[in-house]
Amino acid sequence: MKHYERLIETPIGTLIAVTDGEAIRILDFADDAPKIEPSDHPLLLQLSNELEEYFAGNRTVFTLPLNPNGTSFQKEVWETLLTIPYGKTISYASEAERFGNPKATRAVANANGRNPIAILIPCHRVIATGGGLGGYSGGLWRKEFLLSLEKDDF
């Protein structure tokens with residue numbers, strides 16, 4: 001499958017973005033930025049613009065088509081994440097309830113940790129039941145930054 005890549009600089013570090021030409025497939029933190037041939041594919045340029053607006057506080061909703069690679073279960077969990085509004089947080093237990101399986105809290109949390117499209121699929125909006133940050137594959141400092149940007153009281 002043909003894919004196009006671009007590195008995007010943000011206030012929380014470099015992100016690597018990948019599209020198949022139809023949808024965003026990956027948006028991940030690239031702490032050790034790989035050497036890539038940057039693409040000017042229209043979806044990647046739009047993503048770069050939307051992220052710039054988001055980090056400037058001028059965008060609360062992303063409009064790009066998404067097609068993350070994962071199992072059916074993971075994709076369903078990630079669809080649930082898309083229902084969490086900007087500036088809001090929910091607990092992992094609440095996410096499992098929204099997902100339709102309140103007993104699947106741990107499995108839902110594990111699927112969050114495998115989310116291949118950071119920020120746009122907002123796993124950073126899920127916090128621990130007691131109000132703590134919980135985990136974040138990009139690092140807790142990034143999760144804290146994103147929640148602060150979205151001005152949620154966490």
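Criteria and thresholds
Residues numbered from 1 in each chain as written. Predicted model: local features only at pLDDT ≥ 70, side-chain atom pairs only at ≥ 80, totals over all residues. Heavy atoms only, no water. Axes fitted to C-alpha atoms, helices over the stretch in contact; angles between N-to-C directions. Helix = DSSP H or I, 4+ residues; strand = E, 2+ residues; numbered from the N terminus. Parallel < 35°, antiparallel > 145°, perpendicular 65-115°, else oblique. Contact = heavy atoms within 4.5 Å. Nonpolar A, V, L, I, M, F, W, Y, C, P; charged D, E, K, R; others polar. Phe/Tyr/Trp six-rings, centres within 6.5 Å; stacked < 30°, edge-to-face > 60°. Buried < 20%, exposed > 50% of the residue type's maximum accessible area, 1.4 Å probe, protein only. Pairing = 2+ DSSP bridges. Arc of directions from axis to C-beta.

S.K.: Can you explain the packing of helix H2 (residues 72-81) against helix H4 (residues 105-113)? Please cite residues and give values.
M.R.: With their axes 9 Å apart at the nearest point, H2 and H4 run at an angle of 85° to one another. Judged on the interaxial angle alone, H4 and H2 are roughly perpendicular. Counting all contacts with H2, which are made through Phe73, Gln74, Val77, Trp78 and Leu81, the residues of H4 involved are Ala107, Val108, Ala111 and Asn112. Split by residue class, the contact of H2 with H4 holds 7 nonpolar, 2 polar and no charged.

S.K.: Pulling in residues and values, what's your account of the packing of aromatic side chains?
M.R.: This model, assessed by the stated rule, comprises 6 aromatic pairs. Here phenylalanine 29 and tyrosine 136 contribute two aromatic rings whose centre-to-centre distance is 6.0 Å and whose plane-to-plane angle is 70°, an arrangement assigned as edge-to-face. On the criterion of sequence distance, the pair formed by phenylalanine 29 in strand E3 (residues 24-29) and tyrosine 136 in the loop between strand E5 (126-127) and helix H5 (140-149) is long-range, its members being 107 residues apart. Per residue, the accessibility class of phenylalanine 29 equals that of tyrosine 136, and both read buried. Ring centres of phenylalanine 73 and phenylalanine 99 lie 5.2 Å apart, and the angle between their planes is 80°; this geometry places the pair in the edge-to-face category. In this pair, phenylalanine 73 is assigned in helix H2 and phenylalanine 99 in helix H3 (residues 92-99), connecting sequence segments 26 residues apart. Among the residues examined, phenylalanine 73 registers a relative accessible area of 31% and is labelled partly exposed. One aromatic cluster is present, built from ring pairs that chain together Tyr54, Phe55, Phe62, Tyr86 and Phe145.

S.K.: How would you explain the sheet that holds strand E1 (residues 4-10) if you had to name every residue and give the values?
M.R.: In spatial order, the strands read E1-E2-E3; together these 3 strands make up an open sheet with antiparallel pairing. Where the open sheet ends on each side, the last strands, each with one partner, are E1 and E3. Neighbouring strand axes in the sheet, compared pairwise and without regard to direction, differ in orientation by 20° on average. Bridge count between strand E2 (residues 13-19) and E3: 5 bridges; the pairing is antiparallel. Across the sheet, alanine 17 pairs through a bridge with leucine 27, a residue of E3.

S.K.: So what's going on with H3? Which residues, and what values?
M.R.: Where H3 is concerned, the buried positions are Tyr92, Glu95, Ala96 and Phe99. Projected onto a plane normal to the axis of H3, the buried residues spread over an arc of 100° and lie on a single side. The inward-facing, buried residues of H3 abut H2, strand E4 (90-91), H4, E5 and H5.

Such coordinate-based values are descriptive only and should not be taken to indicate function.
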